[in-house]
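# Survey of secondary and tertiary structure
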Amino acid sequence: MKIILTHEVSGLGAAGDVVEVKDGYGRNYLLPKGLALPWTKGGQKQVDSINRARQSRAVKSLEQAQSAKGTLENTKVTLPARAGANGRLFGGVTTAEIADAVQASGGGSIDRRTVEVPSPIRTTGEHTVTVRLHPEVLATVTLNVVPAK
């Protein structure tokens, strides 16, 4: 099955890429979650608009991504979240909350779609998340989740 990715999918490609996937993966996962669109002959216009939007959001050069990586990795990010007495959160921490916490702590503005969380964050304490600044540059951010007052 040939599809057009609308969001970045780890291990598959970035938004705007045209990829070939197994029918079940495309039909049962990528299409229902809105991560991809089916490929059509008129799909080239969609690919072009997605690529223009991605280029406007992307960090323009590798040097800028390297400097942003240094800034992010040296920033202490604290995220207050509602938690019970035993340190378990009511719900989980979303990528949008992480992006807002990074910006509030002085790490710069990042897009929530570039934040990759290896496993859901559902407890207080220190957690590690990855931010994909550039296709070749990954920044590791230490996130301290504390109970909200």
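Being a predicted model, the structure only gives us computed values, none of them experimental.

About the thresholds
- Residues numbered from 1 in each chain as written.
- Predicted model: local features only at pLDDT ≥ 70, side-chain atom pairs only at ≥ 80, totals over all residues.
- Heavy atoms only, no water.
- Buried < 20%, exposed > 50% of the residue type's maximum accessible area, 1.4 Å probe, protein only.
- Helix = DSSP H or I, 4+ residues; strand = E, 2+ residues; numbered from the N terminus.
- Arc of directions from axis to C-beta.
- Contact = heavy atoms within 4.5 Å.
- Pairing = 2+ DSSP bridges.
- UniProt positions renumbered as here; feature names shortened; annotations may be inferred.
- Phe/Tyr/Trp six-rings, centres within 6.5 Å; stacked < 30°, edge-to-face > 60°.
- Core = buried A, V, L, I, M, F, W, Y, C linked by side-chain atoms within 4.5 Å.

### Side note on helix 4 (residues 95–104)
Looking at helix 4, one finds that the buried residues are Ile-98, Ala-99, Ala-101 and Val-102. The arc that holds every buried residue of helix 4, seen down its axis, measures 165 degrees, which confines them to one face. Away from its buried face, by an angle of more than 90 degrees, helix 4 presents the exposed residues Asp-100 and Ala-104. As for helix 4, its buried residues are in contact with helix 3 (62–73), strand 4 (77–81), strand 5 (115–116), strand 6 (125–134) and strand 7 (137–147). One or two steps after helix 4, the chain reaches Gly-106, where phi turns positive at roughly 90 degrees.

### A short note on the pairing of strand 7
In the sheet, strand 4 pairs with strand 7 via 5 bridges, with the strands oriented parallel. Paired with Leu-79 across the two strands is Val-145, which belongs to strand 7. Sheet topology note: the strand 6/strand 7 ladder contains 9 bridges and is antiparallel. Within strand 7, the position partnered with Val-129 by the bridge is Val-141. With antiparallel pairing between neighbouring strands as the criterion, strand 6 and strand 7 make up a hairpin whose turn holds 2 residues.

### Some remarks on the UniProt feature "domain: Ribosomal protein L9" (unreviewed entry) in the protein chain
Cross-referencing UniProt, the feature "domain: Ribosomal protein L9" (unreviewed entry) maps to residues 13–40 in the present numbering. The straight-line gap between the two end C-alpha atoms of residues 13–40 is 18 Å; of that span, 29% is helix and 21% is strand.

### A look at the packing of aromatic side chains
In the structure shown here, the tally under the stated rule is 1 aromatic pair. Each ring, one from Tyr-25 and one from Tyr-29, has its centre 5.6 Å from the other, and the planes form 10 degrees; the classification is stacked. One end of the pair is Tyr-25 and the other is Tyr-29, both in helix 1 (residues 23–30) and 4 residues apart, which spans about a single turn. Classification of Tyr-25 by relative accessible area gives partly exposed; the value is 34%.

### Re the nonpolar core
Ranked by size, the top nonpolar core spans 22 residues in total, and within it Leu-72 and Ile-98 carry the most contacts. For this core, the secondary-structure elements that each account for two or more residues are helix 3, strand 4, helix 4, strand 6 and strand 7. Looking at this core element by element, the count peaks at 5 residues for strand 7. If near-sequence neighbours (up to four positions away) are discounted, Ile-98 is found in contact with Val-93, Val-115, Val-117, Ile-121, Val-129 and Leu-143. Counting residues in hydrophobic clusters, the runner-up holds 8 residues, among them Ile-3, Leu-5, Leu-35 and Ala-36.

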